[in-house]
Amino acid sequence: MSSPLAAKNKSHAADWRWQLRRRIRSAAELVAHFPALGAHAAGIAAAAAKFPLAITPYYASLMERADTDDPLFRLAVPQAAELAEQTFQSLDPMGEGRHTPVPGLVRRYRDRALLLVSATCATYCRHCDRKRLAGQREGALTPAQFRRAVAWIARHTEIHDVILSGGDPLTLGDAALRRMLAALRAIPHVEIIRIHSRAPVTLPQRVTPGLVNMLRRFQPLWLNTQFNHPRELTAEACAALARLAEAGIPLGNQSVLLRGVNDSAEVLEELFRGLVRNRVRPYYLFQCELVRGVEHFRVPTARGLALMAALRRRLSNLALPIYVLDTPAAGKIPLTPGTILAANSKRLKLRGPTGQHAVYPEPR
Ligand SMILES: *Cc1c(COP(=O)(O)O)cnc(C)c1O
Ligand code: SF4
């Protein structure tokens, strides 16, 4: 690895605000960082003009080659392929805009609400499914918007689970987060609060002892992150996960199945084993949404199902996420390889993960 930014000043690099300030934000900065990209600068600039570019010095330092065959490079560096338009793709593939009763709040399930508290991310994922929001205009919900969203939740007593998402909520400072968590905790019917953040992956410096000490006061609080490749489980990332786990915060992971990144049984096995070793439960493996600019990442669902079947033969259920497709019409739908061959009121005929059949008689 030859990253001049990573080699520079260790103490600054450990500061999350330094990491955010020093993000690579343009094609020119990318080329300065990876001179081999010179020939592709125009394509990168065109893609970055459409879908925002930001990469923390930390995440850039994990890239081994300036080439889209490198999975981490592929996850974060824009490429001309993003400009290929498909008529069926949109900027809001889950139709969240139609389920937004007040700005910043998405409600698609009876008992849960999603709060899009920040439009900023440390590093913009090229496969992001919230491209209508993330990085389009970096910023956060205003205090007035947040108050309206909280008032809406307070009026809807059926909401038991509130998810802070974005963008990335952990791009906010501790004080702003504490105010949001305190306002949500003051609502009696809000049972659990979740934070969806990719900071453990692209900005592990953010998970400071001060942050976890603040978060632990708002239990039960769950955190779901998004590791997509085992190489993202660095010493820094694992230390961040350990700090969160030690604070009693249950950890989950929502990967996205991405061509050329993690569409192999070996890579996914290593990723899921690594997550469990770090006390993170693989929760979802998402099929790529029909979002603009991601066609080069999509994997056929037949391949995804075959990968899940292979993983079931290799891994404990503890390490197996649910493979899901999120649809505007019906929400998240699990995709499962067929295990039920035939069923009637008398018995169930099944096929196990290694192909053997089994029969289960139903109660009389
Ligand atoms: C995914 C999602 C949730 C959370 O769903 P779980 O299956 O409980 O993790 C909640 N609200 C919205 C709008 C979502 O898209
Ligand atoms: S962290 Fe989430 S919101 Fe931000 S770019 Fe990645 S997928 Fe999109």
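Conventions we followed
- Residues numbered from 1 in each chain as written.
- Chains lettered and ligands numbered in written order.
- Predicted model: local features only at pLDDT ≥ 70, side-chain atom pairs only at ≥ 80, totals over all residues.
- Heavy atoms only, no water.
- Pairing = 2+ DSSP bridges.
- Helix = DSSP H or I, 4+ residues; strand = E, 2+ residues; numbered from the N terminus.
- Axes fitted to C-alpha atoms, helices over the stretch in contact; angles between N-to-C directions.
- Buried < 20%, exposed > 50% of the residue type's maximum accessible area, 1.4 Å probe, protein only.
- Right-handed = clockwise from strand over helix to strand, strands pointing away.
- Contact = heavy atoms within 4.5 Å.
- Near = heavy atom within 4 Å.
- Polar contact = N/O pair within 3.5 Å; in protein donor to acceptor, adjacent residues only side chain to side chain.
- Areas by Shrake-Rupley, 256 points an atom, 1.4 Å probe, with all protein chains shown as cover.
- 1 Å grid on protein atoms, 1.4 Å probe; cavity = no way out; pocket = protein on both sides within 12 Å on 5 of 7 lines; lining within 4 Å.
- Sits in = over half its atoms within 2 Å of the grid points.
- Nonpolar A, V, L, I, M, F, W, Y, C, P; charged D, E, K, R; others polar.
- Parallel < 35°, antiparallel > 145°, perpendicular 65-115°, else oblique.
- Left-handed = near helix turned anticlockwise from the far one by under 90°.

Asker: I keep staring at the sheet that holds strand β5 (residues 221–225) and nothing clicks. Help me out?
Answerer: Strand pairing in a sheet is mediated by backbone hydrogen bonds. Such pairs are either parallel or antiparallel. Strand order in the open sheet formed by 9 strands is β1-β2-β3-β4-β5-β6-β7-β8-β9, and the pairing between neighbours is mixed. The open sheet terminates on both sides in strands that have one partner only, identified here as β1 (105–109) and β9 (331–334). Geometrically, the sheet is characterised by an average inter-axis angle of 30° between neighbouring strands, direction not taken into account. One ladder, built from 4 bridges, connects strand β3 (residues 161–166) with strand β4 (residues 192–196); its direction is parallel. Among the inter-strand pairings, Asp161 is bridged to a residue of β4, identified as Ile192.

Asker: Honestly, the pairing of strand β6 (residues 251–256) in this entry has me stumped. Any pointers?
Answerer: When you tally the buried positions in β6, you get 6 out of 6 residues, the bulk of the element. Both faces of β6 are covered, namely the face carrying Leu251, Asn253 and Ser255 and the face carrying Gly252, Gln254 and Val256. Strand direction decides the pairing type here: β5 and β6, joined by 3 bridges, are parallel. Looking at the pairing, Leu223 lines up with Leu251 of β6. Of the crossover connections in this fold, the one passing from β5 over helix α12 (residues 235–246) to the parallel β6 is right-handed.

Asker: Would you mind going over the side chain of His196 with me for this structure?
Answerer: The topology assignment puts His196 in strand β4. Excluding residues that lie within four positions of it along the chain, His196 makes contacts with Ile163, Leu164, Ser165, Asp168, Pro169, Asn224 and Gln254.

Asker: Where do I start with the site of ligand 1 in this structure?
Answerer: What surrounds ligand 1 is the set Val106, Arg108, Tyr109, Arg112, Leu114, Ile163, Arg194, Tyr283, Tyr284 and Lys332. A distance of 2.6 Å separates an oxygen atom of ligand 1 from a polar side-chain atom of Tyr283. Take Tyr284: an N or O atom from its side chain is 2.4 Å from an oxygen atom of ligand 1. For ligand 1, whose unbound accessible area comes to 380 Å², protein coverage reaches 91%. Placement of ligand 1 is best described as lying within the largest cavity. When residues of the shell around ligand 1 are traced back to their parent elements, those giving at least two are β1, β2 (112–118) and β7 (280–286). Looking at which element gives the most residues to the shell around ligand 1, the answer is β1, with 3 residues. Per-class residue counts for the shell around ligand 1 are 6 nonpolar, no polar and 4 charged.

Asker: Even after reading the chapter, I still don't get the environment of Ser197, so can you show me in this structure?
Answerer: Its place among the elements puts Ser197 in the loop between β4 and α10 (199–202). Judged by its relative accessible area of 3%, Ser197 falls in the buried class. Here the alpha-carbon distance between Ser197 and Asn224, two residues 27 residues apart in the chain, equals 6.4 Å. In this structure Ser197 touches Asp168, Leu170, Asn224, Thr225 and Gln226, once residues within four positions along its chain are discounted. A polar contact is formed between the side chain of Ser197 and the backbone nitrogen of Ala199, at a distance of 2.9 Å.

Asker: Where do I start with unusual backbone geometry in this structure?
Answerer: Leaving glycine out, the prevailing phi sign among residues is negative, and the prevailing peptide bond configuration is trans. Note the cis peptide between Gly166 and Gly167, where omega equals 15°. Along the chain, the position of Gly167 falls in the loop between β3 and α9 (174–185). Put simply, Gln219 and Pro220 share a cis peptide bond, and its omega is -10°. Tracing the backbone through its elements, the reader meets Pro220 in the loop between α11 (209–215) and β5. Despite not being glycine, Arg279 has its phi angle at roughly 65°, a positive value. Checked against the element boundaries, Arg279 lands in the loop between α13 (265–277) and β7.

Asker: Could you clarify how one ought to interpret the environment of Glu362 in this entry?
Answerer: Within the fold, Glu362 resides in the segment after β12 (357–361). Between the C-alpha atom of Glu362 and that of Gly210, which follows or precedes it by 152 residues, the distance is 54 Å. Setting aside chain neighbours within four positions, we find Glu362 in contact with Asn344, Ser345, Lys346, Arg347 and Leu348.

Asker: I'm lost on the site of ligand 2 in this one. Help?
Answerer: Surrounding ligand 2, one finds Cys121, Tyr124, Cys125, Cys128, Ala134, Gly167, Arg198 and Gln226. Here ligand 2 is seated within the largest cavity. A breakdown of the residues in the shell around ligand 2 according to their chemical character gives 5 nonpolar, 2 polar and 1 charged.

Asker: How should the packing of helix α8 (residues 143–155) against α9 be read in this particular structure?
Answerer: The description of two helices packed together rests on the angle between their axes and the distance between the axes. At a minimum axis distance of 10 Å, the contact between α8 and α9 shows a crossing angle of 20°. With respect to their mutual orientation, α8 and α9 come out roughly parallel. Between α8 and α9 lies a crossing of right-handed hand. Facing α8, whose interface residues are Phe146, Val150 and Ile153, α9 presents Met180, Ala183 and Leu184.

Asker: It is not clear to me how the pairing of β3 should be interpreted in this structure. Could you clarify?
Answerer: As a general feature of sheets, a regular strand has side chains that alternate between the two faces. Buried residues dominate β3, accounting for 6 of its 6 residues. Of the two faces of β3, the one carrying Asp161, Ile163 and Ser165 and the one carrying Val162, Leu164 and Gly166 are both buried. Bridge count between β2 and β3: 6 bridges; the pairing is parallel. Considered in β3, the bridge of Leu115 is made with Leu164. One crossover worth recording links β3 to the parallel β4 by way of α9, and it is right-handed.

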